[in-house]
There are 2 protein chains.
Amino acid sequence: MTVTTEIIAIGNELLIGDVQDTNTHWLCQRITGLGGMVLRATLVRDDPQVIGEVLLQAVQRGTQVIFTTGGLGPTADDLTLFAMATALGRPLEEHPEALRMVQETYTRLAQAGYVSHAELTPERRKMAILPAGAQPLYNPVGAAPGVLLRQGDTTIITLPGVPAELQGIFEQSLTPILRELYGQGYYAERVLIVDCGDESALAPAVDAVQRGHPEVYVKSRAKAYGPGVRLKITLSARGDSKEEVEGRLSMALEELRGRLEALHIPIVQIS
Amino acid sequence: MTVTTEIIAIGNELLIGDVQDTNTHWLCQRITGLGGMVLRATLVRDDPQVIGEVLLQAVQRGTQVIFTTGGLGPTADDLTLFAMATALGRPLEEHPEALRMVQETYTRLAQAGYVSHAELTPERRKMAILPAGAQPLYNPVGAAPGVLLRQGDTTIITLPGVPAELQGIFEQSLTPILRELYGQGYYAERVLIVDCGDESALAPAVDAVQRGHPEVYVKSRAKAYGPGVRLKITLSARGDSKEEVEGRLSMALEELRGRLEALHIPIVQIS
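These lines cover the structure that appears in this document, whether it is placed above or below. Remember, it's a predicted structure, so these values are computed and weren't measured experimentally.

What counts, and where the lines are drawn
Residues numbered from 1 in each chain as written. Chains lettered and ligands numbered in written order. Predicted model: local features only at pLDDT ≥ 70, side-chain atom pairs only at ≥ 80, totals over all residues. Heavy atoms only, no water. Helix = DSSP H or I, 4+ residues; strand = E, 2+ residues; numbered from the N terminus. Buried < 20%, exposed > 50% of the residue type's maximum accessible area, 1.4 Å probe, protein only. Contact = heavy atoms within 4.5 Å. Areas by Shrake-Rupley, 256 points an atom, 1.4 Å probe, with all protein chains shown as cover. Lys, Arg positive; Asp, Glu negative; His and termini not counted. Charge placed at Lys NZ, Arg CZ, Asp CG, Glu CD. Axes fitted to C-alpha atoms, helices over the stretch in contact; angles between N-to-C directions. Parallel < 35°, antiparallel > 145°, perpendicular 65-115°, else oblique. Left-handed = near helix turned anticlockwise from the far one by under 90°. Nonpolar A, V, L, I, M, F, W, Y, C, P; charged D, E, K, R; others polar. Polar contact = N/O pair within 3.5 Å; in protein donor to acceptor, adjacent residues only side chain to side chain.

**Regarding the overall build of chain A**
Counting secondary structure elements, chain A contains ten helices and twelve strands. If you line up chain A on its principal axes, its C-alpha atoms span 70 × 40 × 35 Å. Scored against the burial criterion, the 271 residues of chain A give a buried share of 57%. Long-range pairs, those at least 24 residues apart, make up 71% of the contacts in chain A with a sequence separation of at least 6. Roughly 10800 Å² of accessible area belongs to chain A as shown, and the carbon and sulfur atoms make up 52% of that amount. If the 24 positive side-chain charges of chain A are averaged to one point and the 32 negative ones to another, these points end up 4 Å apart.

Below, the structure is given as structure tokens:
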């Protein structure tokens, strides 16, 4: 069974157009690679009511894993955990282990001369105040710990918006949790480049293969029209085992090859 | 009054992690520049039920302008207009002007030798089948016209997912419509670079300025900790006139300067 996943990316800067949200794309790649399926990603402003509403709707849809990004820092507009606690009806509490993580980070930064002192100011303490029942995730790059929270059958993983911090927590602190969540799911794809600049000429072949192989996802990507323009066709599948997934892909690929040949569309490359 | 806007980006490729969605960021920049406010962006798969549900919820929230991107091409998984018609309870009809646009494009492409013939195959005709009451928007780059549709007080603008096509329609076919929709709204920002690597040290100043100037949005951006690391603070505001917006920004900036000086945090650059 594919593990359903959603992403909620938080921050006015994303919707003002000040910052390109690259975290969602990075997480989609990783989650797909783990065999999970991202059903939706929502970018919202630093508005606790909206953050809470979007989170609650994802929980109510029965989403198995929800990632949130952004809004974990020391400033007052970092509202993710407040919004989450309110929406889920949990009090906010200073978490001793999270506080230890924050203290450790500032001690290290102060010793290195990167910050002027290691004292736990209210702004720094804020990063250790978590919804009740949450578990902090060590942040190897910055100060704000990630947060893991179970709500019924849903696991919520809250990560900072700074890409290096998000990636650091994902890769260094989440590995056993991700293995537990996504299990042995398997994902694979084949990419074909074809010498054809007209997606409408390709459409009958792509559509027929899709209809004949509903468990394989078939997508052609248009770029622009013109001589020498090549189109990309991606076949992808996910399942419980490598054998199952590779078998499905091979069958779909074989049919696609035949149909392209019949249309006199040359395949330039398969990878 | 700021015009509320949402974006719905459609395509499995975005959530598989195959393609980074750059359209949302591009649209956010343009809409913000026009004085509009993007409240939310949702990335969804090529699932007509989900597309319809997300669209309908945005309409029901009273969003004034909704942009959708992707899913307008000739293949069967290009489902945006079908999903929209179903969700809004409108039949799909071949639109004569849209068909003329598609025909014109393929005639031009065939004359240039970019496609093998100009005949209107079912796959090409599909791009001219629009929800009843919709208006096609000329696509200067590719074949699929954009689509404009009014639903009550909401304007829905449907654009292709290929960035060059989306940008071409936005810049060449939408100008008068955007002026009508966004009116005389004005947006401006000031960006400060400060010589401080510790966002928690900056937080009291940023939070105080935000509290004192609720009509200005104040945001500091953390990068990483370290010597020589600089933080970026953005002040932004929108309003009906340039004078009003610039006046608000100047007052907030003045207070921020004073507070940073009191904290001995040097400003390196203001732009």
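Continuing now.
**Some remarks on the packing of helix H2 (residues 23–33) of chain B against helix H7 (residues 163–172) of chain B**
All names here are of chain B. Close contact between H2 and H7 brings their axes to 11 Å; oriented N to C, the two are set at 20 degrees. Looking at the two axes, H2 sits roughly parallel to H7. Judged by the twist between their axes, the crossing of H2 over H7 is right-handed. Every residue of H7 that contacts H2 at Asn23, Trp26, Leu27 and Arg30 is listed here: Pro163, Leu166, Gln167, Phe170 and Glu171. Of the residues in the contact of H2 with H7, the class split is five nonpolar, two polar and two charged.

**Section: the side chain of threonine 63 of chain B**
Residue and element names in this part refer to chain B. Mapping threonine 63 onto the fold places it in the loop between helix H3 (48–60) and strand S3 (65–69). A residue is classified by how much of its surface remains accessible, and threonine 63, at 3% relative accessible area, is buried. In this structure the side chain of threonine 63 is engaged in a polar contact, spanning 3.0 Å, whose partner is the side chain of glutamate 6. Not counting residues up to four positions away in its chain, the partners in contact with threonine 63 are Thr4, Thr5, Glu6, Ala58 and Thr154.

Such coordinate-based values are descriptive only and should not be taken to indicate function.
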